[in-house]
Amino acid sequence: FVVDLDIPDTDRAEVVERLDFFIAKYGVSFLREVLGNALDKAFKAGIEATEPDQKWKDLRDGCDYTDSNGLSQYWEGLRNAETKQSLVAGLVYYWWQRDKASLSTPVGEVKSATDGGKHESPAQKMVTGWNMMAAGVKHLVAFLYANQETYPEWDLSFGYCALENYKPINVLGI
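None of these values were measured; they are calculated from a predicted model.

Enquirer: Run through the overall build of the protein chain, naming residues and quoting values.
Expert: When you go through the protein chain residue by residue, the secondary structure sums to six helices and six strands. Secondary structure of the protein chain in N-to-C order comes out as α-α-α-β-β-β-β-α-β-β-α-α. Counting every position in the protein chain, which comprises 174 residues, the buried fraction comes to 34%. Considering only contacts in the protein chain between residues 6 or more positions apart, those separated by 24 or more positions represent 64%. For the protein chain, the accessible surface area stands at approximately 10700 Å², while carbon and sulfur atoms represent 53% of it.

Here you go:
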């Protein structure tokens, strides 16, 4: 979680533990939803092999491909080692910011007090994280659509659902 998706204090055990919780809660179900159960299972099994097939490395790390219009494109991968960004990172960052916007107390939701600072809305940062993920979903669907023979476990219906469920948002909610 770096640059646009910065989460402070990731050197602290309690922050890492909470972050791992968010990754497990949102990341795992997100990948299953956008890949579909069959491709998600095949990908996990394939990438964990001693020598993963190139198709699994391409899905994870990115690769050049020719899209359905015959144009050369680059798929950034589910996890981009160069940029240290991923589809899941944008989604997790969105939910992290949403969770940190207030504190749950016995009397309701409150904002924590700051010393010498002023609270700002996390809305723009949430939108940034969500939209990075939404753009990645669009690229993922295009990559899988162009490579249906390579990934026969994927079904186009998952692409339609992913594009519908993970549209870009804005701070106005429109």
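There is more to say after this.
Enquirer: Quick rundown of the pairing of strand 1 (residues 63–66)? Include the residues and the values.
Expert: Burial along strand 1 is one-sided: C63 and Y65 are buried, and none of D64 and T66, which face the opposite way, are. Bridging between strand 1 and strand 2 (residues 72–75) involves four bridges; their strand directions are antiparallel. When the sheet's bridge partners are listed, T66 is paired in strand 2 with S72.

Enquirer: Give a description of the packing of aromatic side chains that names residues and reports values.
Expert: Across all of its chains, the model carries 13 aromatic pairs by this definition. A ring pair is formed by Y94 and W95, whose centres lie 5.1 Å apart and whose planes are at 90 degrees; its orientation type is edge-to-face. Put simply, the rings of F21, F22, Y26, F30, Y94, W95, W96, W130 and Y166 pair up and form one aromatic cluster.

Procedures and definitions
- Residues numbered from 1 in each chain as written.
- Predicted model: local features only at pLDDT ≥ 70, side-chain atom pairs only at ≥ 80, totals over all residues.
- Heavy atoms only, no water.
- Helix = DSSP H or I, 4+ residues; strand = E, 2+ residues; numbered from the N terminus.
- Buried < 20%, exposed > 50% of the residue type's maximum accessible area, 1.4 Å probe, protein only.
- Contact = heavy atoms within 4.5 Å.
- Areas by Shrake-Rupley, 256 points an atom, 1.4 Å probe, with all protein chains shown as cover.
- Pairing = 2+ DSSP bridges.
- Phe/Tyr/Trp six-rings, centres within 6.5 Å; stacked < 30°, edge-to-face > 60°.

Honestly, that's just the spatial picture; any functional story needs more than this.
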